[in-house]
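Below are the chains, spelled out letter by letter.
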Amino acid sequence: MRTIAVTRELNAGIGNCELTFLPRSEIDFGRAQQQHQDYQSALASLGCETVVIPAPSGLADSVFIEDTALVLDDFAVMLRPGVASRRPEVAGVAEVLRQYRLLKAIEAPGTVDGGDLLRVGSTIFAGLSTRSNQSGIRQLSNIVSDYGITVETVETAKCLHLKSAVSEVAPGTLLINPDWVSSSTFAKFELIPIDEKEAHAANALRIGADVIYPSSFPRTIDKLARRGLNVVPVDLSELQKAEGAVTCCSLIFSTP
């Protein structure tokens, strides 16, 4: 099996990105491009075959490709982002994914952002957020139920997406900000709380036994390292100004 990482190039208009919880600040486009290229290199260094989709014109947030699709073992679900300006991003990603998977889709009035979907084994935790609504989560549950996958709705607070608050760093082990999502929801897992001084530190991208992780959270990196995890740090400081994180910028899946 090969591990595929689908990414999308940075749009020159990223400074006009959608923001919900962060104030707008100037994004250095050249630096952001370099950071994104370094992120792609980190994926390749961990054995991923990177597939790069060109940046579409006028879609400021399109580098955050995770929000457009959920790729499962037998099919992919094309999502319907919660912000209307982002919905045109989906078509270009679907063109690529249909080379690997049968496609299904979330329909109006449902909305789901991929950043709200945390799959752990046969369970998908779906964040009920400003971007993902009950209709979208119900549709997703109906789509995946025939494949032995269950969906659990999780209410979020203070953050853009569920995976802003919790992500998987090892089998059965989650990195969590307990101030943004209830730890009791994930009681059956081993939980690693982020350092309390690094509120945005709960988003990590697990690739096998390795974890791609923002270099801007050194205290939490130290926590992960002390648990024996191999952390691959990347600088995404410019993309973080756009409420981006390490899971946002790729779709990871296996294929023969």
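Our subject in this report is the structure included herewith.

The rules behind the values
Residues numbered from 1 in each chain as written. Predicted model: local features only at pLDDT ≥ 70, side-chain atom pairs only at ≥ 80, totals over all residues. Heavy atoms only, no water. Helix = DSSP H or I, 4+ residues; strand = E, 2+ residues; numbered from the N terminus. Buried < 20%, exposed > 50% of the residue type's maximum accessible area, 1.4 Å probe, protein only. Contact = heavy atoms within 4.5 Å. Polar contact = N/O pair within 3.5 Å; in protein donor to acceptor, adjacent residues only side chain to side chain. 1 Å grid on protein atoms, 1.4 Å probe; cavity = no way out; pocket = protein on both sides within 12 Å on 5 of 7 lines; lining within 4 Å. Points joined across faces, edges and corners; volume = space filled by probe spheres on them. Nonpolar A, V, L, I, M, F, W, Y, C, P; charged D, E, K, R; others polar. Arc of directions from axis to C-beta. Salt bridge = Lys/Arg side-chain N within 4 Å of Asp/Glu carboxyl O. Pairing = 2+ DSSP bridges. Axes fitted to C-alpha atoms, helices over the stretch in contact; angles between N-to-C directions.

### A closer look at unusual backbone geometry
Okay, step 1: The omega angle of the peptide bond from A108 to P109 is 10 degrees, so this bond is cis rather than trans.
Okay, step 2: For P109, the location among the structural elements is in the loop between β5 (102-105) and β6 (117-120).
Okay, step 3: A positive phi angle, close to 70 degrees, is found at K158, a residue other than glycine.
Okay, step 4: Considering the arrangement of structural elements, one finds K158 in the loop between β8 (150-155) and β9 (166-170).
Okay, step 5: For E243, which is not glycine, the phi torsion reads 60 degrees and is therefore positive.
Okay, step 6: One can find E243 in the loop between α5 (237-240) and β15 (251-255).

### So, the environment of D235
Okay, step 1: Along the polypeptide, D235 turns up in the loop between β14 (230-234) and α5.
Okay, step 2: Judged by its relative accessible area of 32%, D235 is partly exposed.
Okay, step 3: Spatially, the C-alpha atom of D235 lies 5.7 Å from that of P214, the residues being 21 residues apart in sequence.
Okay, step 4: Residues contacting D235, with those up to four places away along its chain left out, are R31, Q35 and S215.
Okay, step 5: One polar contact links D235 to R31, side chain to side chain, over a distance of 3.4 Å.
Okay, step 6: Among the polar contacts made by the side chain of D235, one reaches the side chain of Q35 at a distance of 3.3 Å.

### Points about empty space enclosed by the protein
Okay, step 1: Within the structure shown, the criterion is met by 1 cavity of 30 Å³ or more.
Okay, step 2: Here the largest cavity is characterised by a volume of approximately 80 Å³.
Okay, step 3: In terms of lining, the largest cavity is formed by E18, D61, F64, D67, R86, R131, L160, H161, A242, E243, G244 and C248.
Okay, step 4: Looking at side-chain class alone, the lining of the largest cavity contains 4 nonpolar, 2 polar and 6 charged residues.

### Some words on helix α4 (residues 218-226)
Okay, step 1: Here α4 has its buried residues at T220, I221 and L224. Each buried residue of α4 lies within a common arc of 105 degrees when the element is viewed along its axis, so the set occupies one face.
Okay, step 2: Buried-residue contacts for α4 involve β9, β10 (173-176), β11 (190-193), β13 (210-214) and β14.

### Remarks on the pattern of salt bridges
Okay, step 1: According to the stated counting rule, one finds 13 salt bridges in the structure shown.
Okay, step 2: Here R31 and D235 are joined by a salt bridge, their closest N and O atoms 3.4 Å apart. Note that R31 is positioned in helix α1 (residues 29-45) and D235 in the loop between β14 and α5, a separation of 204 residues in sequence.
Okay, step 3: Taking the relative accessible area as the measure of exposure, R31 reaches 40% and is therefore partly exposed.
Okay, step 4: For R206, the salt bridge identified is with E168, shortest N-O distance 3.3 Å. Taken as a pair, R206 in strand β12 (residues 205-207) and E168 in strand β9 lie far apart in primary sequence, 38 residues in all.
Okay, step 5: Judged by relative accessible area, which is 30%, R206 ranks as partly exposed.

### Quick notes on helix α2 (residues 89-97)
Okay, step 1: Among the 9 residues of α2, 7 are classified as buried, and the element is accordingly described as predominantly covered.
Okay, step 2: Taken together, the buried positions of α2 are occupied by E89, V90, G92, V93, A94, V96 and L97.
Okay, step 3: As for α2, its buried residues are in contact with β1 (2-8), β2 (49-53), β3 (69-71), β4 (75-78), β5 and β15.

### A closer look at the sheet that holds β8
Okay, step 1: Spatially, β6-β7-β8 is the arrangement adopted by the 3 strands of the open sheet, whose pairing is mixed. The open sheet is flanked by β6 and β8, the only strands paired with a single partner. If you compare each strand with its neighbour and ignore which way they point, the axes differ by 25 degrees on average.
Okay, step 2: Inspection of the sheet shows strand β7 (residues 123-128) paired to β8 by 6 bridges, in the parallel sense. Counted as the bridge partner of T123 is T150 from β8.
Okay, step 3: Helix-sheet contacts for helix α3 (residues 134-144) involve β6, β7 and β8, and the interaxial angle to β7 is about 170 degrees.

### Considering the sheet that holds β13
Okay, step 1: The 3 strands lie next to each other as β12-β13-β14, forming an open sheet whose pairing is mixed. Edge strands, defined here as strands with exactly one partner in the open sheet, are β12 and β14. For this sheet the average axis-to-axis angle between neighbouring strands, irrespective of direction, equals 30 degrees.
Okay, step 2: Bridging between β12 and β13 involves 3 bridges; their strand directions are antiparallel. If you follow I207 over to β13, its bridge partner there is D210.
Okay, step 3: Packing of α4 onto the sheet brings it into contact with β13 and β14, and relative to β13 it is tilted by some 170 degrees.

By themselves, these figures tell us nothing about what the structure is for.
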